[in-house]
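Descriptive structure summary
Residue-level listing of the chains:
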Amino acid sequence: MSRLLVCPPEFFGIEYEINPWMRLANRVDHGRAMRQWHELMRILEKDVGVVLERMTPIPGLPDLVFTANAGIVVGRTAVVSRFRYPERQPEETHFEDWFRGQGYDVVTVEHELYFEGAGDLLGFPEYWFGGYRQRSDFHVFPVLSERFHREIIPLELVDSRFYHLDTCLCPLSGGELLYFPAAFDRYGQAAIAERIPDKLRLAVPEDEALLFACNAVNVGKHVVLPTGCPTTQAWLRMRGYETHQVQLDEFMKSGGSAKCLTLALD
Amino acid sequence: MNHYQERVCLQGHIIDSLVLAKVLDLILMMGGTFDLEDVHIGKTREEPSHTRIRIQAASRTLLDDILKAIQPHGASIEREADCRTDGAPADGVLPDDFYATTHLPTQIRLNGQWLDVDRIEMDLAIAVSEAGFVAQAVPMGEVRRGDQIVIGREGVRVIPLQRPRERDVFGFMESQVSAERPHAHIIADVATRMRQMRERHRERQRDSHVLLAGGPAIIHAGGREALTWLIEQGFIHILFCGNALAAHDMEADLFGTSLGYGLTAGRAVPHGHEHHLRTINRIRAIGGIEAAVTSGMIKQGIMAACVRQGVPVIMSGTIRDDGPLPGVITDSVLAQRAMRTLIPGVGLALLVASTLHSVATGNLLPATVPTVCVDVNPSVPTKLADRGSFQAVGLVMDAASFLSELARVLGRPT
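Here we summarise the structure given alongside this text. (Residues numbered from 1 in each chain as written. Chains lettered and ligands numbered in written order. Predicted model: local features only at pLDDT ≥ 70, side-chain atom pairs only at ≥ 80, totals over all residues. Heavy atoms only, no water.)

1. Focus on the overall build of chain A
Looking only at helices and strands, chain A features 7 helices and 15 strands. Considering chain A as a whole, with its 266 residues, one finds that 62% of them fall into the buried category. Contacts in chain A between residues at least 24 apart in sequence constitute 69% of all its contacts with a sequence separation of at least 6. Total accessible area on chain A stands at roughly 10100 Å², and carbon and sulfur atoms take up 50% of it. (Helix = DSSP H or I, 4+ residues; strand = E, 2+ residues; numbered from the N terminus. Buried < 20%, exposed > 50% of the residue type's maximum accessible area, 1.4 Å probe, protein only. Contact = heavy atoms within 4.5 Å. Areas by Shrake-Rupley, 256 points an atom, 1.4 Å probe, with all protein chains shown as cover.)

2. Observations concerning the overall build of chain B
Regarding its fold elements, chain B presents 13 helices and 20 strands. Within the span of chain B, comprising 414 residues, buried residues form 48% of the whole. Here the contacts in chain B between residues at least 6 apart in sequence split such that 65% fall between residues at least 24 apart. Summed over its atoms, the accessible surface of chain B is roughly 18900 Å², and 51% of this surface lies on carbon and sulfur atoms.

3. Considerations on the packing of aromatic side chains
Residue and element names in this part refer to chain A. Within this structure, the stated rule accounts for 15 aromatic pairs over all chains. Ring centres of Phe124 and Phe129 lie 6.5 Å apart, and the angle between their planes is 70 degrees; this geometry places the pair in the edge-to-face category. Grouping residues by exposure puts Phe124 and Phe129 together as buried. The class for Phe129 is buried, based on a relative accessible area of 0%. Taken together, Trp21, Phe162, Phe180 and Phe212 form an aromatic cluster joined through their ring pairs. Geometry around Phe148 places Arg147 over its ring, the cationic atom sitting 5.5 Å from the centre. (Phe/Tyr/Trp six-rings, centres within 6.5 Å; stacked < 30°, edge-to-face > 60°. Lys NZ or Arg CZ within 6 Å of the ring centre and 35° of its normal.)

4. Quick look at the sheet that holds strand S15 (residues 263-264) of chain A
The pairing of strands in a sheet comes from backbone hydrogen bonds and takes either a parallel or an antiparallel form. Residue and element names in this part refer to chain A. Spatial strand order, S2-S1-S15: 3 strands in an open sheet with mixed pairing. At either end of the open sheet lies a strand with only one pairing partner, and these are strand S2 (51-54) and S15. Note that strand S1 (residues 3-6) and S2 share 4 bridges and pair parallel. Among the inter-strand pairings, Arg3 is bridged to a residue of S2, identified as Val51. (Pairing = 2+ DSSP bridges.)

5. Regarding the pattern of salt bridges
Evaluation of the coordinates by the stated rule reveals 40 salt bridges over all chains. Across the salt bridge formed by A:Arg42 and A:Glu39, the nearest N and O atoms sit 3.1 Å from each other. One end of the pair is A:Arg42 and the other is A:Glu39, both in helix H1 (residues 30-48) and 3 residues apart, which spans about a single turn. Counted as one network, the salt bridges with shared partners bring together B:Arg7, B:Asp35, B:Glu37, B:Asp38, B:Arg52 and B:Arg54. (Salt bridge = Lys/Arg side-chain N within 4 Å of Asp/Glu carboxyl O.)

Below, the structure written as structure tokens:
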């Protein structure tokens, strides 16, 4: 049974601007955000059948809701994130405390390096992709690669709207990949194409990429993705996945969607 | 020359991700060049790869820009240390573990800054000025007690030669020596360089001096007129030779012989073996070569051309010199010092028909100076290369033929 870490959006809101999606003037409808989040949880628990671990929300940390950025979990080891922006750095200790409380071996990266967890490190069982340049530093990947004996293919993120790797790339359990090519330079695009054959790759159209179609939660043959992404959804179905749409536009005001709101624990 | 350089390390899964390709492309696109050093490719997918990249750029600013551009892609500047120095324990004695120079451009790191070593030459030490702003190559014998001398290898870097922009014989920077190689294109390339040098010399540009080091075979073989013409036309700006070249040149002027052989008749002249002694004696009597030329005693030839053209001549004595002529430096350490003072500014060196003077001069030259070594005996250019002057182009050829052909290509009427 898959477990996901989530954090209720009690204190979610736009309190600063650290990516092109965030606008202080763009107020979050709190009630609507709560309803959207609970709908996502319902789908995950009831339709997908995962176990949810709920963190306690903290006032003043509006982005704690995006648990994908807590760190990464590999077996019983958790690597806690080190955020690039000071606005999110206070989240680090809360995530760290949570991991410790759950009995994980907690690993931290060097002080001068930035690493934003499963937002920038995701992949297949045999190898991972690491997104760098916008948030995480290139240098964390060789360190984590050595620690976990995994190949990590670094990919430069070249479009600030896709500031985390999980906003523009989504590996699936059957070896397929959803991605938005223009979020990568030609080297990254070539590296991806070299690894994943054409028929297993969906280059998500721009309009769906901007709705964060790639920010999907995949558990087994289930894919939970934002509403309004028919091309992506059709392709997933063609590949044999059961798709679940969920409206998460309140969270898009902050530059996050389904995947950002969860962290795979095992 | 891309004199500014920095080493960076890059590690991780840099091959399949094309990160290495991206970094190298960035360096080239920005106008730098690179050398890959210690490339290690992971043997399995999990095993990371790593490489060291030496980046060169034409300016400090460009190098900094390149470093700034590639650092986000994982390239980290190799940690570098300042060089270490120690005081010379006595006059003429270097600290035990002194750094011995090559003749390639060299830099030392002082207070975090890379500093060019002035007057680089092979087999010397590096002295650092008290303030730490000047580094200069120094011969062992010139060191004074307490001079700060670079020790060990840390904080010293040698910059490999860049392939010159000119696509001529010097571009290959190799000293293959063979009598079978065609000569014409080498001579043509030397002539082209000499024409450029003369222009640059007239415009008082730096590194525009042409140095010729030659032996008396130039006179015996019949190359005197051609060399005289080259000097008179302003193609040669410094002459290194011994007692003999000067003596036989003036002997030819006074007696028409070279070591007693009639240069035109081609046979021994009665009592001709005395001619060079009488020549040396007359020069000694008048006080020197310059006096001999200005007084009109010596009218034609290499020495006369040098005096008239203001070409400095360093004559270094050897053990069986007759006389010697006034001006010959008989203390070889002093001779070496005198030669060394004229090396800065040399942009082309011709080493012709002399084992001793060719090797001595060749080894005083930085590797950046294009050099051609001409000798009828292949062992001379080979010896020069074996002693480290790898940049010298060897030409197995008779001195007179070389000089005559060179002069002809440069426009001497035949």
